[in-house]
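Chain by chain, the residues run as shown.
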Amino acid sequence: MRRHAGWWRRALAGWLMGVGCVLPGISAGVMAVSFGLYQPMLESLLGFGRDWRRHTRFLLPLALGGAVGLAAGAYGIGLAMERLKEPMLYLFTGCLLGGIPRLMEQAQDGGCFHAAWLASLGLGVALALPMALMNRAGEPQAALSTAQWLACGALEGVGTVVPGVSTSFVLMALGWYPAYLRALATMDFGALAPAAVSFAVSALLSMKAVKWLFDHARGHAYYAVLGFLVVSVGVVFPGISISTLAGWPALVLGAWASARLSRMAA
């Protein structure tokens with residue numbers, strides 16, 4: 001039963017990360033770190049050929065959940081954000097906040113806190129702020145060229161692997177976001193095929209670089225991610241007013257779910 005519970009928890013985490021890939025202000029990488037899955041995912045993907053059966057058992061529910069979340073997010077984002085915008089934003093704010101304690105534990109890894117990590121926290125905030133300030137969308141384009149789809153895939157690959165990078169902000173600033181969502185929602189494989197190829201190449205290169213950082217500067221890497229997360233929370237949180245009181249249960253639910261997911265065994 002415990003194995004099955006772990007499978008479904010990873011599928012749920014994958015679903016949330018898939019939805020996060022298409023929601024502006026949300027980083028799938030930060031969510032993976034918050035859920036305690038980021039390093040295990042990197043190690044499984046980069047070491048897949050050495051023990052593919054074990055890594056497949058770990059990655060399969062994440063991949064299935066992520067695919068469903070990506071499609072559902074692309075299909076339902078307009079309707080959900082139009083009718084349930086504030087509860088959705090509260091839910092994802094809770095998801096981001098709920099993983100912070102576990103993230104800080106992982107940074108220390110049984111050791112002591114180092115004040116030098118605060119510099120990495122500040123660096124993470126500084127690097128994430130330009131993304132947060134990209135709130136003026138470019139002129140929406142009805143269709144994208146093959147070169148633009150290749151660029152979309154490369155951006156998505158970096159945004160999925162590097163915690164804190166919200167690719168949706170970049171695509172909105174370029175005016176590519178509506179076409180990107182439409183292709184995902186309708187499963188337009190002709191448009192998505194070049195994006196998938198460039199995604200794989202850019203994600204692989206990003207994974208190798210990020211894994212090196214987590215292996216050789218663990219505390220600094222985690223606190224830089226924490227800086228990204230702080231900015232993400234600031235972008236996603238819809239604010240406080242009497243009309244938003246109904247969103248607080250969603251925030252609590254998101255925080256509780258994130259905390260539980262972050263404690264699950266890899």
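Basis of the calculations
- Residues numbered from 1 in each chain as written.
- Predicted model: local features only at pLDDT ≥ 70, side-chain atom pairs only at ≥ 80, totals over all residues.
- Heavy atoms only, no water.
- Buried < 20%, exposed > 50% of the residue type's maximum accessible area, 1.4 Å probe, protein only.
- Helix = DSSP H or I, 4+ residues; strand = E, 2+ residues; numbered from the N terminus.
- Expected span 1.5 Å × (residues − 1).
- Phe/Tyr/Trp six-rings, centres within 6.5 Å; stacked < 30°, edge-to-face > 60°.
- Core = buried A, V, L, I, M, F, W, Y, C linked by side-chain atoms within 4.5 Å.
- Contact = heavy atoms within 4.5 Å.
- Salt bridge = Lys/Arg side-chain N within 4 Å of Asp/Glu carboxyl O.
- Polar contact = N/O pair within 3.5 Å; in protein donor to acceptor, adjacent residues only side chain to side chain.

A. Seen up close, unusual backbone geometry. The backbone of M187 sits at a positive phi, close to 50°, despite the residue not being glycine. The class of M187 is partly exposed, set by a relative accessible area of 38%.

B. Spatial organisation of helix α12 (residues 218-236). Taking 1.5 Å per residue as the helical rise, α12 with its 19 residues ought to reach 27 Å, and the 27 Å between its terminal C-alpha atoms agrees with that figure. The element α12 is largely enclosed, with a buried count of 14 among its 19 residues.

C. Broad picture of the packing of aromatic side chains. Counted by the stated rule, this structure contains 7 aromatic pairs. Ring geometry for W7 against W8: centres 5.0 Å apart, planes inclined by 75°, an arrangement best described as edge-to-face. The class for W7 is partly exposed, based on a relative accessible area of 28%. Look at W8 and you get exposed, because its relative accessible area is 62%.

D. Seen up close, the environment of A196. Mapped onto the secondary structure, A196 falls in helix α11 (residues 189-216). Along the chain, A196 and G153 lie 43 residues apart, while their C-alpha atoms are 5.9 Å from each other.

E. Up close: the nonpolar core. With 43 residues, the main nonpolar core has M17, M31, L37, Y38 and L62 as its most contacted residues. Among the nonpolar cores identified, the runner-up in size contains 16 residues, and A179, L181, A183 and L192 belong to it.

F. A look at the environment of L251. Tracing the backbone shows L251 in helix α13 (residues 248-262). Discounting chain neighbours no more than four positions away, the residues touching L251 are Y90, L91, T93, G94 and F237.

G. Here's a closer look at the pattern of salt bridges. Following the criterion strictly, the structure yields 1 salt bridge and no others. For D51, the salt bridge identified is with R54, shortest N-O distance 3.1 Å. In this structure D51 comes out as partly exposed when scored by relative accessible area, which is 31%. Take R54: its relative accessible area is 45%, and that puts it in the partly exposed class.

H. The side chain of S206, seen in detail. Mapped onto the elements, S206 comes out in helix α11. Overall, the relative accessible area of 11% leaves S206 in the buried class. Among the polar contacts listed, one links the side chain of S206 to the backbone oxygen of S202, at a separation of 2.8 Å. In contact with S206, not counting residues within four places along its chain, are V158, V161 and V162.

Keep in mind these numbers describe shape, not what the thing actually does.
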